[in-house]
Amino acid sequence: IVGSGRLENELKAKSAKLNLGKRLQFLGERKDIPELLMASDVFVFPSLWEGQGLILFEAIFSKIPIVASNVGGIPDVIKHEETGILVEAGNIDDLARAILRVLDDAKLKDKLVKEAFLRFGDRTMENSVKKLEKVFKDLLKQHGNKAIN
């Protein structure tokens with residue numbers, strides 16, 4: 001688990017009670033998110049509320065399957081059974097089943113990763129800048145400015 005928050009101590013206590021030991025690690029705040037994502041088997045985003053979250057795109061670029069809550073802007077990116085698995089926010093049983101399903105089904109995992117990357121793989125900063133540059137050039141050309149390269 002990467003990050004911290006108000007539930008951190010409670011989660012650590014539950015982890016100890018369930019004797020999860022080294023199977024579950026609390027890594028705290030980190031700056032090496034891309035490396036952590038690439039070393040992961042599944043990205044789990046169990047938000048109760050979320051605008052959209054840049055982290056979804058980071059997970060897509062890392063080519064790992066996503067299990068996320070069906071809240072806020074998440075469904076704009078994650079289409080259930082297409083680019084990831086969505087579960088109702090707060091339903092821990094469905095969340096656990098979805099995680100295990102993705103981990104146990106290599107075909108599903110590959111399908112989700114491939115489809116998400118096909119849909120969103122071009123959303124890099126470089127591509128975004130190029131698209132924005134083209135928009136500005138087109139606008140300037142429409143308004144008679146011929147001195148644009």
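Residues numbered from 1 in each chain as written. Predicted model: local features only at pLDDT ≥ 70, side-chain atom pairs only at ≥ 80, totals over all residues. Heavy atoms only, no water.

## Structural notes on the environment of Pro 46
Here's step 1: Looking at the element boundaries, Pro 46 is found in the loop between strand E1 (43-45) and helix H3 (54-61).
Here's step 2: The class for Pro 46 is partly exposed, based on a relative accessible area of 47%.
Here's step 3: C-alpha of Pro 46 to C-alpha of Leu 95: the two residues are 49 residues apart in sequence and 7.7 Å apart in space.
Here's step 4: Excluding anything up to four places from it in sequence, Pro 46 contacts Ser 69 and Leu 95. (Helix = DSSP H or I, 4+ residues; strand = E, 2+ residues; numbered from the N terminus. Buried < 20%, exposed > 50% of the residue type's maximum accessible area, 1.4 Å probe, protein only. Contact = heavy atoms within 4.5 Å.)

## A short note on the packing of H3 against helix H6 (residues 106-120)
Here's step 1: Look at H3 against H6: their axes get within 9 Å of each other, and the N-to-C directions meet at 115°. Our classification of the angle between H3 and H6 gives roughly perpendicular. For the pair H3 and H6, the crossing hand works out as left-handed. Each of Phe 57, Ile 60 and Phe 61 in H3 lies in contact with H6, whose residues at this interface are Ala 116, Phe 117 and Phe 120. (Axes fitted to C-alpha atoms, helices over the stretch in contact; angles between N-to-C directions. Parallel < 35°, antiparallel > 145°, perpendicular 65-115°, else oblique. Left-handed = near helix turned anticlockwise from the far one by under 90°.)

## Considering the confidence of the model for the chain
Here's step 1: The predicted model of the chain averages 88 in pLDDT, with 89% of residues at 70 or higher.
Here's step 2: Put simply, helix H7 (residues 125-142) is where the chain has its lowest mean pLDDT, 73, and strand E3 (residues 85-87) is where it has its highest, 98. (pLDDT = per-residue confidence, 0-100.)

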